[in-house]
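Structure at a glance
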Amino acid sequence: MASRADIFEQKVVISGIGQSAIGRRLGRSGLELTLDAVLSALDDAGLDRTELDGIGSGSGYAVTPGASPVSTSELKEALRLEVNWYGASSDSSQMSALVNASMAVASGQARHVVIFRTVTEASAKAHVSSPDEKQRVSGMTLEWRAPFGAPSAANWVALAAARYFHEFGATREQLAQIALTARHNATLTPNATYRTPLTMDAYLSSRMVSSPLCLYDCDVPIDGAVAMIVSHVDAAKDLKSPAINIEAICGPLYGRDTWDQQPDLTRFAGADAARRLWSRTLLRPKDVQVAQLYDGFSFLALLWLEDMGFCGRGEAAAFVEGGGRIALDGLLPLNTSGGQLSFGRLHGMGLIHEACVQLRDLGGDRQVRNHPRVALVTNGGGPVASAVLLIRK
Amino acid sequence: MTPQPVSGFATIESFTVNYQAWSPDLRVPYVIAIVSLDEEKELHLTTNIVDTEIEAVRIGQRVKVVFKRCEDVFLPLFAPV
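One structure accompanies this document, and this report is about it. These figures come from a predicted structure and were not determined experimentally.

Rules behind the numbers
- Residues numbered from 1 in each chain as written.
- Chains lettered and ligands numbered in written order.
- Predicted model: local features only at pLDDT ≥ 70, side-chain atom pairs only at ≥ 80, totals over all residues.
- Heavy atoms only, no water.
- Helix = DSSP H or I, 4+ residues; strand = E, 2+ residues; numbered from the N terminus.
- Contact = heavy atoms within 4.5 Å.
- Areas by Shrake-Rupley, 256 points an atom, 1.4 Å probe, with all protein chains shown as cover.
- Lys, Arg positive; Asp, Glu negative; His and termini not counted.
- Charge placed at Lys NZ, Arg CZ, Asp CG, Glu CD.
- Buried < 20%, exposed > 50% of the residue type's maximum accessible area, 1.4 Å probe, protein only.
- Pairing = 2+ DSSP bridges.
- Phe/Tyr/Trp six-rings, centres within 6.5 Å; stacked < 30°, edge-to-face > 60°.
- Salt bridge = Lys/Arg side-chain N within 4 Å of Asp/Glu carboxyl O.
- Polar contact = N/O pair within 3.5 Å; in protein donor to acceptor, adjacent residues only side chain to side chain.
- Disulfide = S-S within 2.5 Å.
- Axes fitted to C-alpha atoms, helices over the stretch in contact; angles between N-to-C directions.
- Core = buried A, V, L, I, M, F, W, Y, C linked by side-chain atoms within 4.5 Å.
- Parallel < 35°, antiparallel > 145°, perpendicular 65-115°, else oblique.
- Left-handed = near helix turned anticlockwise from the far one by under 90°.
- Nonpolar A, V, L, I, M, F, W, Y, C, P; charged D, E, K, R; others polar.

Helices and strands together make up the secondary structure of chain B, namely zero helices and five strands. From first element to last, N terminus to C terminus, chain B shows the α and β order β-β-β-β-β. Counting only C-alpha atoms, chain B reaches 40 × 30 × 20 Å along its principal axes. Pairs at least 24 apart in sequence give 46% of the contacts found in chain B among residues at least 6 apart. For chain B, the computed accessible surface area is about 4700 Å², with 57% contributed by carbon and sulfur atoms. Side chains of chain B carry 7 positive and 11 negative charges; the gap between the two charge centres is 4 Å.

Take a look at the structure:
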């Protein structure tokens, strides 16, 4: 294991969290939603906006409608901040905003950095369109998939799921537990997007998107914002809410930048993130008391379970069979506010927010019992994989 | 390194039946597959399986390339042998 001095993230805490209203077509601007989340995070930390000296996000300096409608520049202007450090670039490992803010704080570039993720994907009617034969695409290796009517991550993840089912004998009933668990937890979460109970029958008879993935295996686009204050551990003692320590964090890229060239077509890059993460801590999978595993598609969360080491290779479907182990009162409570499948898609930062809520015992009806103190969060699918281990001391 | 012609024979490594009309005029369902070329098993192509009933497609099935012309591009699709 790397020496403790090399584990920069252990000088970093999440000192405040905030979230805006969450929903479908809220009719509010991305900036309004962002300010709600940021002001809420400041209040949570007990900080004044003038104490923020850093700003970062997974979005760029300019906007991308729907998926990144608010830039770091806009937020800085709105709050009239003077920052020692700012990060303004598209997500690399999807957890980049947290990784970069942590590095800024640990290195002394800044003391309190606000990071945020804002989406208006429901309002923007963001949709993936398949190019007709007159159009050309490039970038993200899309030119190798879009011409074949495979423009969506739903197709790319489905291909891995289909091969996984074939090799390991997994069934739709097993995969269903990811969606059923998420939906049950969402019914206990006041601001989750989909809160009506979901049965196995309804899941199995729902419309297919790309086999074996059905409607309920795909996350829900929403409008909403989540924000966090990332601070140096020395600042944590003075703050209002219990600090959440970052025990280990990573976002590696070892394999090919691909969705279809990996030698093992049943999986993506989660195992790479696991290897890197566990090398930065003495904690192990058995120490994790609550897990928020990326569920842009249900199958990704299934892979994350075995990639992070909660069960053996190819055993995740059996691990979730019946839903008992991943239930709120189970061995490894999973996606406790409904995940991206039922709470809503916040591109992974919403999962970090929920982990902090659980570590602070603020989960209300969905709170995991016995005061969980170690939480794992993962983001990513395809070549993108990142993970963070959060602890409350 | 220069391009070398290959036989066009391949094996279906995975496939999914797409039911979602990603654009209004897209006709569904259709099959998207990842195939591996005989000459280099680690080389995969994402493609469509054509000239077959959807229900007959299988992982492990042998296929051969069929080119579909789109303007100046020839898209490699695959059909069962």
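So, on to the pairing of strand β1 (residues 12-19) of chain A. Residues and elements named next belong to chain A. In terms of residue burial, β1 counts as a mostly covered element, since eight of its eight residues are buried. Pairing between β1 and strand β7 (residues 223-232): seven bridges, direction antiparallel. Within β7, the residue paired with Gly16 across the bridge is Ile229. Bridge count for β1 against strand β8 (residues 244-250) is two bridges, and the pairing is antiparallel. Counterpart to Val13 in the pairing with β8 is Asn245.

Residues and elements named next belong to chain A. Applying the stated criterion to the full structure yields four aromatic pairs over all chains. Relative to Trp259, the ring of Trp156 has its centre 5.0 Å away and its plane inclined at 55°; by these criteria the two rings are tilted. One end of the pair, Trp156, is in helix α4 (residues 153-168); the other, Trp259, is in the loop between β8 and α8 (270-278), and 103 residues separate them in sequence. When sorted by exposure, Trp156 lands in the same class as Trp259, which is buried. Between Tyr164 and Phe299, the ring centres sit 5.4 Å apart and the planes meet at 75°, which makes this aromatic pair edge-to-face.

Opposite the 30 residues of chain A that make contact, chain B presents 30 residues. In this assembly, chain A and chain B are joined by one salt bridge. As a salt-bridge pair, B:Glu13 and A:Arg163 come within 3.2 Å of each other at their nearest N and O atoms. Scanning the region where chain A abuts chain B turns up 16 residue pairs in polar contact (both at pLDDT 80 or more).

All right, on to the state of the cysteines then. In total, this model carries zero disulfides over all chains according to the counting rule given. Between A:Cys214, a free cysteine, and A:Cys218, which holds the nearest cysteine sulfur, the sulfur-to-sulfur gap is 7.3 Å.

Taking burial as the measure, the eleven residues of helix α3 (residues 96-106) of chain A include nine buried ones, the bulk of the element. One or two residues past the end of α3(A) sits A:Gly108, with phi positive at roughly 90°.

It is worth spelling out the sheet that holds strand β2 (residues 54-57) of chain A at this point. Residue and element names in this part refer to chain A. Strand order in the open sheet formed by nine strands is β3-β2-β4-β7-β1-β8-β11-β10-β9, with mixed pairing between adjacent strands. Among the strands making up the open sheet, the edge pair consists of β3 (85-88) and β9 (290-292). Adjacent strand axes in the sheet meet at a mean angle of 25° when their direction is disregarded. Sitting on the sheet, α3 is in contact with β1, β2, β3, β4 (112-120), β7, β8 and β11 (386-391), with an inclination near 25° to β7.

Residue and element names in this part refer to chain A. By the secondary structure assignment, Ser107 is in the loop between α3 and β4. Here the alpha-carbon distance between Ser107 and Pro242, two residues 135 residues apart in the chain, equals 23 Å. There is a polar contact of 2.8 Å between the side chain of Ser107 and the backbone oxygen of Met103.

With that settled, consider the nonpolar core. Residues and elements named next belong to chain A. Judged by nonpolar contacts, the single largest core of 109 residues is most densely connected at Leu98, Phe299 and Leu390. When sequence neighbours within four positions are dropped, the list of residues in contact with Leu390 reads Ile14, Ile244, Asn245, Ile246, Ile352, Ala355, Cys356, Leu359, Arg373, Val374, Ala375 and Val377. By size, the runner-up hydrophobic cluster in this structure holds 19 residues, among which are Ala45, Leu79, Leu81 and Ala227.

The next subject is the pattern of salt bridges. All names here are of chain A. Using the criterion set out here, one finds 19 salt bridges over all chains in the structure. Residue Arg313 pairs with Asp264 through a salt bridge whose shortest N-O separation is 2.9 Å. One end of the pair, Arg313, is in the loop between α9 (298-307) and α10 (316-320); the other, Asp264, is in the loop between β8 and α8, and 49 residues separate them in sequence. Each member of the salt-bridge network shares a partner with another, and the members are Arg28, Glu32 and Asp36.

As a further point, take the side chain of A:Ser102. All names here are of chain A. By the secondary structure assignment, Ser102 is in helix α3. On the accessibility criterion, Ser102 (0% relative accessible area) is buried. A distance of 2.7 Å separates a polar side-chain atom of Ser102 from the backbone oxygen of Leu98. With residues up to four places along the chain from it excluded, the contact list for Ser102 reads Phe8, Val12, Val230 and Ile246.

The next subject is α8(A). Listed as buried for α8(A) are A:Gly270, A:Asp272, A:Ala273, A:Ala274, A:Leu277 and A:Trp278. On its buried face, α8(A) is in contact with β8, α9, β10 (374-379) and β11 of chain A.

All names here are of chain A. Orientation of α4 relative to α9, taken along the N-to-C sense of each, is 55°, at an axis distance of 10 Å. Relative to α9, the element α4 lies oblique. Two packed elements cross with a definite hand, and for α4 against α9 that hand is left-handed. Of the residues in α9, those touching α4 at Val157, Ala160, Ala161 and Tyr164 are Phe299, Leu300, Leu302, Leu303 and Glu306. Of the residues assigned to the contact of α4 with α9, the class counts are eight nonpolar, no polar and one charged.

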